[in-house]
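Survey of secondary and tertiary structure
Next come the chains, spelled out residue by residue.
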Amino acid sequence: MIIRRGTEADLPRVHELIVELAVFERAPQEVTNTLEDMRRDGFGPQPIFSFFVAETPEQGILGIALYYTAYSTWKGRMLYLEDLVVTEAARGTGIGKLLFDAVVAEARRSGAHRLKWQVLEWNEPAIGFYKKIGANLDPEWHNGNMTSEQLAAYACHPEVEAAVQG
């Protein structure tokens, strides 16, 4: 098994794994991200995410760990692990642990003070994995988000919107 930093050439397989994860999480219709978006956002002039891949010469890419730098007002620099995906046929083989190790090593290398991620409450294998490695799974925090439709419909104060738009 080879763990390495992802490249632009890996994006088609990465996108396939993202769709596979969405199917596993019972929300395939929610994937609106495209290869073009990923090329721009990961390899354009201002990259906003990075990833590691797990691969073998025989089977190709079997898993990914996609992350980005975030900032905590209390702790400073942190990494956010957006998704750790291992193709269904390769789950339970230790690939997820190797990918998680790569993200932890990157957090250390980059001087991050925290690593954060989310796990669905019904994903028992993932919860078991995170408990086994001694991670904190915090039941006190609620996750908030707004969809693109909600963002478009939200009424910002006009002066604030104008100031941000420049």
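Report follows, based on the coordinates. (Residues numbered from 1 in each chain as written. Predicted model: local features only at pLDDT ≥ 70, side-chain atom pairs only at ≥ 80, totals over all residues. Heavy atoms only, no water.)

The next thing to look at is the overall build of the chain. Secondary structure summary: the chain contains six helices and five strands in total. Within the span of the chain, comprising 166 residues, buried residues form 33% of the whole. By sequence separation, contacts in the chain at least 24 residues apart represent 55% of the contacts at least 6 residues apart. About 11300 Å² of surface is accessible on the chain, with carbon and sulfur atoms providing 53% of the total. (Helix = DSSP H or I, 4+ residues; strand = E, 2+ residues; numbered from the N terminus. Buried < 20%, exposed > 50% of the residue type's maximum accessible area, 1.4 Å probe, protein only. Contact = heavy atoms within 4.5 Å. Areas by Shrake-Rupley, 256 points an atom, 1.4 Å probe, with all protein chains shown as cover.)

Now for the environment of Pro125. Checked against the element boundaries, Pro125 lands in helix α4 (residues 124-132). By relative accessible area, which is 63% here, Pro125 ends up exposed. Put simply, Pro125 and Gly44 are 81 residues apart on the chain and 35 Å apart in space, counted from C-alpha to C-alpha.

Let us now look at the packing of helix α1 (residues 11-24) against helix α2 (residues 35-43). Where α1 meets α2, the axes come as close as 10 Å, and the angle between the chain directions of the two elements is 115°. Classified by the angle between their axes, α1 and α2 sit roughly perpendicular to one another. Crossing of α1 over α2 shows right-handed handedness. Residues Leu11, Pro12, Val14, His15 and Ile18 of α1 form the contact with α2, whose participating residues are Leu35, Met38, Arg39 and Phe43. For the contact of α1 with α2, the class distribution of residues is seven nonpolar, one polar and one charged. (Axes fitted to C-alpha atoms, helices over the stretch in contact; angles between N-to-C directions. Parallel < 35°, antiparallel > 145°, perpendicular 65-115°, else oblique. Left-handed = near helix turned anticlockwise from the far one by under 90°. Nonpolar A, V, L, I, M, F, W, Y, C, P; charged D, E, K, R; others polar.)

Examined against the element boundaries, Leu115 turns out to sit in strand β5 (residues 115-116). It is 25 Å that separates the C-alpha atoms of Leu115 and Pro45, two residues lying 70 residues apart in sequence. Apart from the residues within four sequence positions on either side, Leu115 is in contact with Leu79, Leu81, Phe100, Val103 and Val104.

Moving on: helix α3 (residues 95-110). Given 3.6 residues to a turn, an α-helix orients residues that are three or four positions apart in the same direction. End to end, α3 covers 23 Å across 16 residues, agreeing with the expected 22 Å (1.5 Å per residue, within 8%). Of all the positions in α3, only Ile95, Gly96, Leu99, Phe100, Ala102, Val103, Glu106, Ala107 and Ser110 are classed as buried. Each buried residue of α3 sits inside an arc of 150° when the element is viewed along its axis, so together they form one side. Those residues of α3 that are exposed and angled more than 90 degrees off the buried face are Arg108 and Arg109. Contact partners of the buried residues in α3: β1 (2-5), β2 (50-56), β3 (60-72), β4 (76-86), β5 and α4. (Expected span 1.5 Å × (residues − 1). Arc of directions from axis to C-beta.)

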